[in-house]
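Fold and contact review
Spelled out, the chains give:
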Amino acid sequence: MKSKFLKSKWIFYLVFILVVGLLVVLFYSPEKGWKVRSIKDGDTIILENGEEVRYIGIDTPEESQPYFEEAKEFNGKMVEGKRIFLEYDQETKDKYSRTLAYVWVDSLLVNAELVKNGLASVYTHSPNLKHRDCFCSLQTEARKAKIGIWSIPVSGVEKYYIGNKNSTRFHRPSCEYAAQMADRNKIIFKTKEEVLDSCYSPCRTCKP
Ligand SMILES: [Zn+2]
């Protein structure tokens, strides 16, 4: 009799914990959005809980490059003081343990807005390709309009560029990574325009 009573007590506690757990998930989950503590640069922010978030699929200028400040400022204007929502792709963390996300403010995708305004270029990593097509067409528009980073004159032109069909990166002919590339992955582009029309992203080592 006593053990039966104990058993029902346990079941009661279990149900209680489950219900409380469910309520917590429903009312305190990221569905309510996040607040931003600080802006690191054009494509990285720190959330109120200290979590670092790197925007997926794009790349904004580094501190030493033109349009760094503009990209950072634009990012800040979009997310500071707002409730932001994170959308994930296949991988949720990068090798630096940063959270990888698409950042939404109301109906605007911040990653896309940066590309649209010429303040970020397309930089996707497989398998995180959810919005790649959208980013590519926005980049094409920004290039046509010659805004932001696309207004900078092209320097150090090569006779041709070597693309990697697998990673959608492109290299200078002299790059060590181009030399290591399997022939089946290689694609030759005659001009940088041609490379960008195909939405390939520059190698971070040879910086074509
Ligand atoms: Zn390279």
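1. Quick look at the environment of Gly-148
Structurally, Gly-148 is set in the loop between helix H4 (132–145) and strand E9 (161–164). Between the C-alpha atoms of Gly-148 and Ile-188, which are 40 residues apart in sequence, the distance is 27 Å. Setting aside residues no more than four positions away along its own chain, Gly-148 makes contact with Tyr-67, Glu-70, Asn-117, Gly-118, Leu-119 and Ala-142.

2. Examining unusual backbone geometry
A cis geometry characterises the amide bond from Ser-126 onward to Pro-127, with omega recorded as 10°. Within the element layout of this structure, Pro-127 appears in the loop between strand E8 (121–122) and H4. One non-glycine residue, Ser-97, adopts positive backbone phi at about 65°. Locating Ser-97 in the fold gives a position in the loop between strand E5 (85–87) and strand E6 (99–105). Despite not being glycine, Thr-168 shows a phi value in the positive range, around 55°. Within the secondary structure, Thr-168 sits in the loop between E9 and strand E10 (169–171).

3. A short note on the environment of Leu-47
Relative to the helices and strands, Leu-47 resides in strand E2 (residues 44–47). Sequence separation of Leu-47 and Lys-35 is 12 residues, and the distance between their C-alpha atoms is 6.0 Å. If we ignore the near neighbours within four places in the chain, the residues touching Leu-47 are Trp-34, Val-36, Arg-37 and Val-53.

4. Describing the domain arrangement of the protein chain
A common way to state how big an interface is: give the accessible area lost once the parts meet. Here the domain parsing of the protein chain yields domain 1 (32–150) and domain 2 (156–202). Computed over C-alpha atoms, the centres of domain 1 and domain 2 are 24 Å apart. Of the residues lining the interface, seven residues belong to domain 1; the matching set on domain 2 comes to four residues. Secondary-structure elements contributing two or more residues to the side of domain 1 that touches domain 2 are E8 and H4. Take the side of domain 1 that touches domain 2: its biggest share by element is three residues, from H4. In terms of residue class, the side of domain 1 that touches domain 2 is built from three nonpolar, three polar and one charged.

5. Things to note about H4
Along its 14 residues, H4 runs 20 Å from first to last C-alpha, staying within 8% of the 20 Å computed at 1.5 Å per residue. Listed as buried for H4 are Phe-135, Leu-138, Gln-139 and Ala-142. Down the axis of H4, the buried set is contained in an arc of 105°. They therefore lie on one face. Within H4, the exposed residues directed more than 90 degrees away from the buried face are Asp-133 and Lys-144.

6. Let's talk about the nonpolar core
By size, the foremost hydrophobic cluster in this structure holds 28 residues, and its most contacted members are Ile-58, Val-103, Leu-114, Val-115 and Leu-119. Sorting the residues of this core by element identifies strand E3 (52–55), helix H2 (68–79), E6, helix H3 (110–116) and H4 as the ones contributing at least two each. In terms of residues, this core owes the most to one element, H3, which gives four residues. Beyond its immediate chain neighbours, meaning those up to four positions away, Val-103 contacts Val-53, Tyr-55, Val-79, Ile-84, Leu-86, Val-110 and Asn-111. Among the nonpolar cores identified, the runner-up in size contains 11 residues, and Met-181, Leu-196, Tyr-200 and Cys-203 belong to it.

Definitions and limits used
- Per chain, residues are indexed from 1 in the order of the written sequence.
- Totals for whole chains, interfaces and linings use all residues, but because this is a predicted model, local features are given only for residues with pLDDT of at least 70 and pairs of side-chain atoms are given and counted only at 80 or more.
- For the purposes of this entry, the term helix denotes a DSSP run of H or I that reaches at least four residues, the term strand denotes a run of E that reaches at least two, and both are numbered from the N terminus.
- We call two residues in contact when the distance between their C-beta atoms, placed using the backbone, is within 7 Å.
- For the domains described, the bounds stem from an automatic or database domain assignment.
- Each residue gets one of three labels, nonpolar for Ala, Val, Leu, Ile, Met, Phe, Trp, Tyr, Cys and Pro, charged for Asp, Glu, Lys and Arg, and polar for the others, Gly among them.
- Helix span is expected to be 1.5 Å times the residue number reduced by one.
- Backbone-placed C-beta atoms define the burial measure: a residue is buried with 20 or more other C-beta atoms within 10 Å of its own, exposed with 12 or fewer, and partly exposed in between.
- Arc definition: it is the arc formed by the directions from the helix axis to the C-beta atoms.
- What we call a nonpolar core is a set of buried Ala, Val, Leu, Ile, Met, Phe, Trp, Tyr and Cys residues whose membership is set by joining through C-beta atoms within 7 Å.

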